[in-house]
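# Structure assessment
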Amino acid sequence: MTATPPVLRDEELETVRPHEEPGSQDNSIQIWLLRLVSALIVPAVLVVFFFTFEFLQDPGTNKVVQVVVAIIVGVGGVWLLYWALDRLVSALPDRAGAGVRPFVFAGPALMILAFYLVYPTIDTVVTSLRSAGGDEFVGLSNYGRIFSESQYLISLRNSVIWAIVVPIICVSVGLAVATLADMLPKKTENAFKSLVFLPMAVSFVGASVVFAFIYSFRAPGFGEQIGLLNAVWTGFGASPIDWMKLPFWNNLFLMVILIWLQTGFAMVILSAAIKGVPDDIVEAARIDGANEWQVFRRITVPTIASTIVVVWTTILITTWKVYDIVAVMTGGNDGTSVVAEKMVSEFFLFRNNGIGAALAVVLLIVVMPILVINIKRFRQQEAMR
Amino acid sequence: MTAVTEKAPVAIKSPKDSGDSFTASKFPVYLAIILIAVVWLIPALGILVNSFRNPQAIQASGWWTVFGQLFDSGTWTLQNYQTVLDQGFANAFANSLAVTIPAVAIPITVAAFAAYAFAWMDFPGRNLMFAAVVGLMVVPLQMALIPISRIYVDLGVTGSFPGLWLAHAGFGLPLAVYLLRNYMGSLSSSLIESAQIDGASHFTIFTRLILPLSMPVLAAFATLQFLWVWNDYLVALVFLGVARPDNNVLTVELANLQGQFGEGALNLLPAAAFVSMILPLFVFFLLQRYFVRGLTAGSVKG
């Protein structure tokens with residue numbers, strides 16, 4: 001899961017003033033019906049095409065054929081549909097056409113979002129209030145279990161520790177690396193930044209395999225240590241340790257993987273922000289006798305403070321939802337379970353829909369404030385127009 | 001037509017005074033840099049070296065021992081890659097491509113039309129709907145797993161690619177619409193107005209004017225979405241992996257192999273991991289500029 005930047009900044013959104021056309025704000029029932037129909041056609045065609053044609057379901061079908069068909073339909077076909085709908089709308093009277101056309105453009109995206117994100121969110125909240133099989137309404141008892149039974153409390157505790165440790169280290173190291181890199185000659189700087197940024201291209205699963213060869217453990221007498229950590233550890237004369245089973249510390253070893261992956265993201269964004277710090281302020285401070293540390297502490301950091309908050313929040317969201325690393329490395333055993341991992345195993349292994357859904361809702365509730373802040377900022381922007 | 005004013009979302013300024021010569025005072029800086037570079041490189045280096053060692057050696061000793069026998073015959077081999085590709089990873093690679101390409105192409109198309117409407121068309125509920133899109137950007141996709149997999153089971157489409165394409169399209173859409181709308185909205189309005197006065201329809205303005213101008217942000221989102229889908233494990237596992245193992249993508253296959261880490265898979269893991277990483281690394285180096293632009297567009301204003 002690549003980190004995406006879901007956090008808005010105050011000055012983020014451009015103000016846009018679309019050209020008003022007569023009829024575009026019409027609210028009659030007929031117009032709304034036409035809007036709904038035109039929004040539904042593209043997704044409907046996609047679904048019907050993808051899910052009814054046997055050959056797309058058949059595992060025997062040549063994959064190249066599947067992909068080519070998918071692209072022809074998913075891009076070319078969809079494009080043609082938008083065009084055809086636009087022509088149809090143009091045949092309507094001018095006022096009605098202006099009222100319906102925006103929904104030809106925006107409708108399909110809204111419908112897909114409604115199906116894949118809005119409806120599921122509501123459904124998951126409802127499911128979380130029902131029993132394991134979903135046949136009985138149980139109120140908040142699933143949540144009661146999550147916040148009282150030790151197996152869930154461990155997941156919650158671990159997720160909170162992840163969410164505290166990982167973003168702080170990623171941002172601190174990222175900031176340090178970005179600042180140091182800024183002092184290098186241009187070419188060296190770019191090569192160095194690419195190196196730290198590189199893990200962003202690696203999957204969480206791939207990174208877990210990479211670190212499996214660092215944490216690998218063999219009991220004494222079962223061969224040479226092939227894990228780097230144990231090789232160094234036994235090199236000091238100590239006996240080898242199974243790091244993935246070391247209580248509490250195993251969580252931190254797992255966090256190292258995510259830190260290795262995400263620090264590059266923090267570095268790249270912070271580096272761009274550091275380069276945006278006005279030169280004249282920095283120069284003025286130096287003339288006044290400030291040393292590098294004072295410049296960093298009193299000028300750079302305050303100037304890029306809002307970027308630091310954004311990066312921190314973005315990594316926090318990624319960390320809070322972490323699943324792959326824990327699932328692949330330990331399967332959540334030995335006290336390493338986290339909420340997102342527990343959610344998947346409750347749902348798919350233990351078939352407990354109620355608890356699984358409640359855990360998903362816990363994931364949502366924590367990012368809720370960020371969601372609300374984003375929307376508020378957006379509304380303020382729009383209100384200022 | 002008036003002049004086109006295109007705003008690049010992010011322009012990373014080059015430093016002006018970052019000293020171009022090595023001086024003694026910079027020694028600690030270089031020391032720290034080298035230290036960090038080594039720490040960051042070692043994990044990946046270990047697995048790269050191991051992937052080319054012969055299987056018995058991987059099992060018997062740590063990868064760092066090769067430095068004593070760099071030029072011995074029998075140290076290096078491509079055998080692991082051969083074995084891994086024969087044991088399902090060639091198939092998984094094709095599956096990953098089959099999942100990723102449409103899962104990038106579909107949301108870009110759909111989002112581009114929507115972004116144009118949000119930027120340049122007037123309709124009731126426009127701000128409210130875009131605010132909803134903004135909100136959906138942070139909704140964890142875990143919220144969708146249970147309901148969607150239930151629906152897929154009812155429809156009998158679990159394990160097929162189309163279900164995964166549309167799911168990835170749905171999860172990628174909020175960011176896509178948001179990024180594209182902001183970019184399109186920042187294009188000059190006099191440009192669009194003059195096209196309208198010339199009698200161009202919205203469809204023509206969109207395809208002939210806005211889309212070509214939006215190529216940088218389209219590329220940025222495509223790079224993000226490509227890496228996201230290719231590296232995804234959870235969505236593929238839930239909607240694909242369990243139901244139809246022959247459709248497994250690379251991440252799922254790699255995780256399964258890791259699950260048998262006992263001893264047997266140990267010599268195959270490094271090569272398998274690199275097979276899964278080779279394309280994203282290639283894309284990453286080729287399109288790093290766009291990738292960075294996509295990442296920064298949401299968090300830093302250029």
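Residues numbered from 1 in each chain as written. Chains lettered and ligands numbered in written order. Predicted model: local features only at pLDDT ≥ 70, side-chain atom pairs only at ≥ 80, totals over all residues.

### What about the overall build of chain B?
- What chain B contains, in helices and strands, is twelve helices and zero strands.
- Counting from the amino terminus, chain B carries its helices and strands in the arrangement α-α-α-α-α-α-α-α-α-α-α-α.
- Taking all 302 residues of chain B together, 53% fall into the buried category.
- The long-range share in chain B, meaning contacts at least 24 apart out of those at least 6 apart in sequence, stands at 80%. (Helix = DSSP H or I, 4+ residues; strand = E, 2+ residues; numbered from the N terminus. Buried ≥ 20, exposed ≤ 12 C-beta atoms within 10 Å, placed from the backbone. Contact = placed C-beta atoms within 7 Å.)

### Things to note about the overall build of chain A
- For chain A, the helix and strand inventory stands at 16 helices and zero strands.
- For 385 residues, the compact-globule estimate of 2.2 N^0.38 gives 21 Å, and chain A exceeds it by more than 25% at 27 Å.
- Projected onto its principal axes, the C-alpha coordinates of chain A cover approximately 85 × 65 × 50 Å.
- Per-residue burial for chain A yields a buried fraction of 45% across its 385 residues.
- In chain A, of all internal contacts separated by at least 6 residues, the share reaching a separation of at least 24 is 71%. (Rg over C-alpha atoms; globule rule 2.2 N^0.38 Å.)

### A few points about the nonpolar core
- Grouped together as the largest cluster of nonpolar side chains are 203 residues, with contacts concentrated most on Ala111, Ala114, Tyr116, Val177 and Leu180 of chain B.
- The dominant element in this core, judged by the number of residues it contributes, is helix H3 (residues 79-120) of chain B, at 22 residues.
- Per-domain counts for this core show at least three residues from each of domain 1 (29-127) and domain 2 (144-383) of chain A.
- Apart from residues no more than four positions distant in its own chain, Val177 of chain B is found in contact with Ala109 of chain A together with Ala111, Ala114, Ala115, Phe118 and Val133 of chain B. (Core = buried A, V, L, I, M, F, W, Y, C linked by C-beta atoms within 7 Å. Domains from an automatic or database assignment.)

### Comments concerning the domain arrangement of chain A
- Domain boundaries in chain A define domain 1 (29-127) and domain 2 (144-383).
- On a C-alpha basis, the centroid separation for the pair domain 1 of chain A and domain 2 of chain A is 37 Å.

### Details of the environment of Val366 of chain A
All names here are of chain A.
- With respect to the helices and strands, the residue Val366 is situated in helix H16 (residues 353-383).
- What makes Val366 partly exposed here is the crowd of 18 C-beta atoms within 10 Å.
- Sequence separation between Val366 and Ser155 is 211 residues, and the spatial gap between their C-alpha atoms is 14 Å.

### Section: the interface of chain A and chain B
- Taken together, the contact between chain A and chain B spans 122 residues of the former and 117 residues of the latter.
- Among the residues forming the side of chain A that touches chain B, the class breakdown is 78 nonpolar, 23 polar and 21 charged. (Nonpolar A, V, L, I, M, F, W, Y, C, P; charged D, E, K, R; others polar.)

### Re unusual backbone geometry
Residues and elements named next belong to chain A.
- Look at Phe248: it is not a glycine, yet its phi comes out positive at around 65°.
- Structurally, the position occupied by Phe248 is in the loop between helix H9 (228-235) and helix H10 (249-275).
- The backbone of Arg351 shows a phi angle near 55°, a positive value even though the residue is not glycine.
- Position of Arg351 relative to the elements: it lies in the loop between helix H15 (339-349) and H16.
- Exposure remark for Arg351: the 10 C-beta atoms within 10 Å place this residue in the exposed category.

### Brief notes about the confidence of the model for chain A
Residue and element names in this part refer to chain A.
- Across chain A, the average pLDDT comes to 84, with 91% of residues at or above 70.
- Here helix H2 (residues 54-57) stands out as the element of chain A with the lowest mean pLDDT, 60, in contrast to helix H6 (residues 150-182), whose mean of 92 is the highest.
- Confidence drops under pLDDT 50 across residues 10-14; counting only partners more than four residues distant or on other chains, this segment forms nine contacts. (pLDDT = per-residue confidence, 0-100.)

### Brief notes about the packing of helix H7 (residues 186-197) of chain A against H10 of chain A
All names here are of chain A.
- In the contact formed by H7 and H10, the axes pass within 7 Å of each other and the chain directions differ by 140°. Viewed along their axes, H7 and H10 adopt a mutual orientation that is oblique. Contacts between H7 and H10 pair Lys193, Val196 and Phe197 from the former with Thr263, Gly264, Met267, Val268 and Ser271 from the latter.
- By residue class, the composition of the contact of H7 with H10 is four nonpolar, three polar and one charged. (Axes fitted to C-alpha atoms, helices over the stretch in contact; angles between N-to-C directions. Parallel < 35°, antiparallel > 145°, perpendicular 65-115°, else oblique.)

### Comments concerning the confidence of the model for chain B
All names here are of chain B.
- Taken as a whole, chain B shows an average pLDDT of 81; of its residues, 87% reach a score of 70 or greater.
- When the elements of chain B are averaged for pLDDT, helix H2 (residues 55-60) gives the smallest value, 79, and helix H9 (residues 215-231) the largest, 90.
- Interface confidence for the predicted complex, expressed as ipTM, amounts to 0.86; the pTM equals 0.87.

### Thoughts on helix H8 (residues 202-213) of chain B
- The end-to-end C-alpha distance of H8 of chain B, which contains twelve residues, comes to 15 Å, matching closely the 16 Å that a straight helix rising 1.5 Å per residue would cover.
- Among the residues making up H8 of chain B, those that are buried are His202, Phe203, Phe206 and Ile210 of chain B. When H8 of chain B is viewed along its axis, its buried side chains cluster within an angular range of 90° and face the same direction. Projecting away from the buried face of H8 of chain B at angles above 90 degrees are the exposed residues Arg208 and Pro212 of chain B.
- Check the buried side of H8 of chain B and you find it contacts helix H3 (63-91) and helix H4 (94-127) of chain A together with H3 and helix H6 (161-185) of chain B. (Expected span 1.5 Å × (residues − 1). Arc of directions from axis to C-beta.)

### Description of the environment of Ala111 of chain B
- Structurally, Ala111 of chain B can be placed in helix H3.
- Residue class for Ala111 of chain B comes out buried when judged on the 29 C-beta atoms lying within 10 Å of it.
- With 68 residues separating them in the primary sequence, Ala111 of chain B and Leu179 of chain B have C-alpha atoms 9.4 Å apart.
- Not counting the four nearest positions on each side in its chain, Ala111 of chain B is found in contact with Ala109 of chain A together with Leu173, Ala176, Val177 and Leu180 of chain B.

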